[in-house]
Amino acid sequence: MDLSEFLLGGLASTGATFFTNPIEVIKTRIQLQGELAARGTYVEPYKGLFQAFITVAKNDGWSGLQKGLVPALYFQFIINSFRLSIYQMALNKGWMHTKNGDISFGLGLFWGAAGGALGSYLSSPFFMVKTQLQSQAAKEIAVGYQHHHTGMMPALKQIYQKGGIIGLWRGALATIPRASLGSGAQIATFGKTKEFLKEFNLVTQPVLNSFTAGLFAGSVMSLAITPPDVITTRLYNQGVDEHGRGLYYKGYFDCVVKILRSEGIYGMYKGFWANYLRIAPHSTLVLLFFDELLRLRDSYFVKHKM
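Residues numbered from 1 in each chain as written. Predicted model: local features only at pLDDT ≥ 70, side-chain atom pairs only at ≥ 80, totals over all residues. Heavy atoms only, no water.

Draft legend 1. Structural view of the packing of helix α1 (residues 3-32) against helix α3 (residues 69-92). Packing of α1 against α3 brings their axes to within 6 Å, and their N-to-C directions diverge by 135°. Relative to α3, the element α1 lies oblique. Two packed elements cross with a definite hand, and for α1 against α3 that hand is right-handed. (Axes fitted to C-alpha atoms, helices over the stretch in contact; angles between N-to-C directions. Helix = DSSP H or I, 4+ residues; strand = E, 2+ residues; numbered from the N terminus. Parallel < 35°, antiparallel > 145°, perpendicular 65-115°, else oblique. Left-handed = near helix turned anticlockwise from the far one by under 90°.)

Draft legend 2. Examining the nonpolar core more closely. L84, Y87, M96, W111, F190, L287 and F290 are the most contacted members of the largest nonpolar core, which has 18 residues in total. At the level of secondary structure, the elements contributing two or more residues to this core comprise α1, α3, α7 (172-199), α8 (206-237) and α10 (272-305). Ignoring any residue separated from it by four or fewer positions in sequence, one finds L84 in contact with G9, I187, V286, L287 and F290. (Core = buried A, V, L, I, M, F, W, Y, C linked by side-chain atoms within 4.5 Å. Buried < 20%, exposed > 50% of the residue type's maximum accessible area, 1.4 Å probe, protein only. Contact = heavy atoms within 4.5 Å.)

Draft legend 3. Representation of the UniProt feature "transmembrane region" (unreviewed entry) in the protein. Those places that UniProt annotates as "transmembrane region" (unreviewed entry) correspond, in this numbering, to residues 72-91 and 103-122. Counted over residues 72-91, helix gives 100% and strand 0%. Its end C-alpha atoms are 27 Å apart. Across residues 103-122, the secondary structure splits into 90% helix and 0% strand, with the terminal C-alpha atoms separated by 28 Å. (UniProt positions renumbered as here; feature names shortened; annotations may be inferred.)

Draft legend 4. Seen up close, the pattern of salt bridges. For the coordinates displayed, the defined rule picks out 15 salt bridges. K27 is the partner of E24 in a salt bridge, and the nearest nitrogen-oxygen pair spans 3.4 Å. Of the two residues, E24 and K27 are both situated in helix α1; the distance of three residues between them amounts to about one turn of the helix. The exposure class of E24 is buried, given its relative accessible area of 4%. Looking at K27, the relative accessible area reads 0%, which means it is buried. Linking R29 and D60 is a salt bridge whose minimum nitrogen-to-oxygen distance equals 3.1 Å. Residue R29 is located in helix α1, and its partner D60 is located in helix α2 (residues 49-60); the two are separated by 31 residues in the primary sequence. Exposure class is identical for R29 and D60. Each is buried. Members of the salt-bridge network, linked through shared partners, are E24, K27, K130, R178, D229 and R278. (Salt bridge = Lys/Arg side-chain N within 4 Å of Asp/Glu carboxyl O.)

Draft legend 5. Representation of the packing of α8 against helix α9 (residues 252-268). Remark: α8 packs on α9, axes separated minimally by 11 Å, with the N-to-C direction vectors making an angle of 120°. With respect to their mutual orientation, α8 and α9 come out oblique. When the axes of α8 and α9 are compared, the crossing they make is right-handed. In contact with T226, P227, P228, V230, I231, R234 and L235 of α8, α9 contributes Y252, C255, V256, I259, E263, G267 and M268.

Draft legend 6. Examining the packing of aromatic side chains more closely. Applying the stated criterion to the full structure yields 14 aromatic pairs. Ring geometry for Y87 against F190: centres 6.4 Å apart, planes inclined by 65°, an arrangement best described as edge-to-face. Of the two residues, Y87 sits in helix α3 while F190 sits in helix α7, which places them 103 residues apart along the sequence. We note that Y87, like F190, is buried. The interplanar angle of 80° and the centroid separation of 5.6 Å between the aromatic rings of Y252 and F253 together place this pair among those described as edge-to-face. Residue classification places Y252 among the partly exposed residues on the basis of a relative accessible area of 22%. Put simply, the rings of Y269, F272, W273 and Y276 pair up and form one aromatic cluster. Positioned above the aromatic ring of Y266 is the side chain of R39, whose terminal nitrogen or guanidinium carbon lies 3.9 Å from the ring centre. We note K130 situated over the ring of F127; from NZ or CZ to the ring centre the distance is 4.3 Å. (Phe/Tyr/Trp six-rings, centres within 6.5 Å; stacked < 30°, edge-to-face > 60°. Lys NZ or Arg CZ within 6 Å of the ring centre and 35° of its normal.)

Right, here's the structure in full:
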């Protein structure tokens, strides 16, 4: 694995996160709204994306739209450092190509899923804290379990004191399906779309090619990732008892069953449009930034050798 690609993958994602974190806050709130309650039986402080932005800004202040930004940056840096560098390594070594030299969607899916699973597991504590901070809200618009953290480090310290290392990685296995499906779909679609656009001379300019492929990859990713994202958000945000056991869900499959039983299939797709409007631009920016940073790196080394 190339160290420069590892670092550039992380940097690309942190740049995108500054722009998309407010939508992530809204998405988290909508996913927690009406938790384990039948549709139409609960108060909805968040009735739509635009209205939710106004509601958060009015009750939590404009800074409320950037809640959880610091752990989100840590999470994005770690997960994308692994998944993008693994993707680039597989691409460079020909592990994503068929015998005739074409990029394979299936192999792209495999390497994208492998990188996403590894990165998501290692960055799990930051995803948990990000989720818990993003869910914290003024009493009038609070949804889900409220943890009352004062920041990332106090939150990590509190979780560690209560549950040790195991507590920091509580729910980590639940994030693997989320990351594997989302990352696999994104990486496979991105590589194949870039190749398709070049092959048929549809979009050949490098920056525009990366932008177009990234936007399409983000659209596919949002469809794949929303149900496991809802499950991960619920598991990470739930409170725990004195033994470290979840107050609402015993585990991944228990969460799935309870959501379907009480909220129906609709519950699995809560926050879809917020997720889409976060993932599509985030995916586009991450993959565009990554490609541009790689080009800058390669240009620098070419000039340096000369």
